[in-house]
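Residue-level structure breakdown
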Amino acid sequence: MTKADLVEAVHARVGLSKKESAELVQFVLEEIKRALARGEGVKISGFGHFMVLERAARVGRNPKTGEEIRIAPRKAVVFRPSPVLRRRVEGDEA
Amino acid sequence: MKKSELIERVAKAHTGLVRAEAEAVVNIIFQSIAEALARGERVELRGLGVFTAKARRPRRARNPKTGEEVLVPARRVPHFRPSKELLKRVNGKGER
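The structure contained in this document is the topic of the report that follows. Nothing here was measured: the structure is a model prediction, and the numbers come from that model. (Residues numbered from 1 in each chain as written. Chains lettered and ligands numbered in written order. Predicted model: local features only at pLDDT ≥ 70, side-chain atom pairs only at ≥ 80, totals over all residues. Heavy atoms only, no water.)

1. Here we look at the overall build of chain A
Looking only at helices and strands, chain A features three helices and five strands. For chain A, the sequential pattern of α-helices and β-strands runs α-α-β-β-β-β-β-α. Relative to its length of 94 residues, chain A is extended, with a C-alpha radius of gyration of 19 Å against a globular reference of 12 Å. Each principal axis of the C-alpha atoms in chain A carries an extent, and together these give about 55 × 35 × 25 Å. Counting every atom, chain A has about 5,500 Å² of accessible surface; 51% of that belongs to carbon and sulfur. Distance from the positive charge centre (19 side chains) to the negative charge centre (13 side chains) of chain A: 5 Å. (Helix = DSSP H or I, 4+ residues; strand = E, 2+ residues; numbered from the N terminus. Rg over C-alpha atoms; globule rule 2.2 N^0.38 Å. Areas by Shrake-Rupley, 256 points an atom, 1.4 Å probe, with all protein chains shown as cover. Lys, Arg positive; Asp, Glu negative; His and termini not counted. Charge placed at Lys NZ, Arg CZ, Asp CG, Glu CD.)

Printed below as a string of structure tokens:
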């Protein structure tokens with residue numbers, strides 16, 4: 001599934017034009033990215049929580065040369081699925 | 001930002017839209033992603049990242065209260081991998 005499928009779903013299920021649907025999907029995804037870029041988490045009830053976490057600096061190693069390199073502190077994006085989503089994805093085997 | 005705030009932003013930025021439509025748009029986006037993951041499909045959203053339903057093998061675990069051994073069956077777990085572009089933005093490089 002790609003963005004085009006989301007556009008199609010919005011078009012089919014909300015009844016907006018393809019053009020409007022495309023703009024709206026783009027806008028929603030962009031708002032999520034903007035919030036994360038501000039360091040703000042995004043919490044979607046029934047779906048999950050996108051969080052921005054700080055990763056500490058650490059010493060890594062270039063696996064090819066064995067050389068030690070310092071890895072600077074950085075921010076990571078972590079998604080924690082809600083229990084509702086986890087249950088839906090678990091599958092019939094569960 | 002929570003879902004209601006996201007809906008608010010959508011409604012504000014698109015004046016031709018009534019609030020109920022903004023709400024439906026946001027709900028259908030996340031519902032569609034959830035449905036795809038429930039089918040075991042991967043969802044690739046350029047610039048944001050990729051959602052996948054990762055397979056977990058069955059494993060034996062122990063009930064920490066009773067010490068009893070239980071079999072945890074194979075299952076799928078939702079996973080999100082942020083795109084490089086998103087990580088750059090989060091780390092203050094590139095477009096804000």
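2. Comments concerning the pairing of strand E4 (residues 68–71) of chain A
Residue and element names in this part refer to chain A. Direction of pairing for strand E3 (residues 58–61) relative to E4: antiparallel, over a ladder of four bridges. Bridging from a neighbouring strand, Arg58 pairs with Ile71 of E4. Turn length for the E3-E4 hairpin, with the two strands adjacent in sequence and antiparallel, is six residues, and the turn residue Gly66 shows positive phi of about 80 degrees. (Pairing = 2+ DSSP bridges.)

3. Description of the interface of chain A and chain B
Taken together, the contact between chain A and chain B spans 47 residues of the former and 50 residues of the latter. In total, about 4,500 Å² of surface goes out of reach between chain A and chain B, with carbon and sulfur atoms giving 69% of it. Sorting the residues of chain A by area buried against chain B places Met1, Lys33 and Val89 of chain A first, and these three jointly supply 15% of that buried surface. Summed over the shared surface of chain A and chain B, the number is three salt bridges. In this structure, the salt-bridge partner of Glu31 of chain A is Arg9 of chain B, at a minimum N-O distance of 3.3 Å. Counting every contact that joins chain A to chain B gives 14 residue pairs in polar contact (both at pLDDT 80 or more). (Contact = heavy atoms within 4.5 Å. Buried area = accessible area lost by both parts, 1.4 Å probe. Salt bridge = Lys/Arg side-chain N within 4 Å of Asp/Glu carboxyl O. Polar contact = N/O pair within 3.5 Å; in protein donor to acceptor, adjacent residues only side chain to side chain.)

4. Examining the environment of Arg38 of chain A
Along the chain, the position of Arg38 of chain A falls in the loop between helix H2 (18–37) and strand E1 (42–44). When the C-alpha positions of Arg38 of chain A and Lys64 of chain A are compared, they lie 35 Å apart, and in sequence the two are 26 residues distant.

5. So, helix H2 (residues 19–38) of chain B
Within an α-helix, residues lying three or four positions from one another point in the same direction, as the helix has 3.6 residues per turn. All names here are of chain B. Taking 1.5 Å of rise per residue, the 20 residues of H2 would be expected to cover 28 Å, and the 28 Å separating its terminal C-alpha atoms lies within 8% of that figure. Listed as buried for H2 are Ala22, Val25, Val26, Ile28, Ile29, Phe30, Ser32, Ile33, Ala34, Ala36 and Leu37. One or two positions beyond H2, positive phi appears at Gly40, with a value near 85 degrees. (Expected span 1.5 Å × (residues − 1). Buried < 20%, exposed > 50% of the residue type's maximum accessible area, 1.4 Å probe, protein only.)

Bear in mind that shape data such as this cannot, by itself, settle questions of function.
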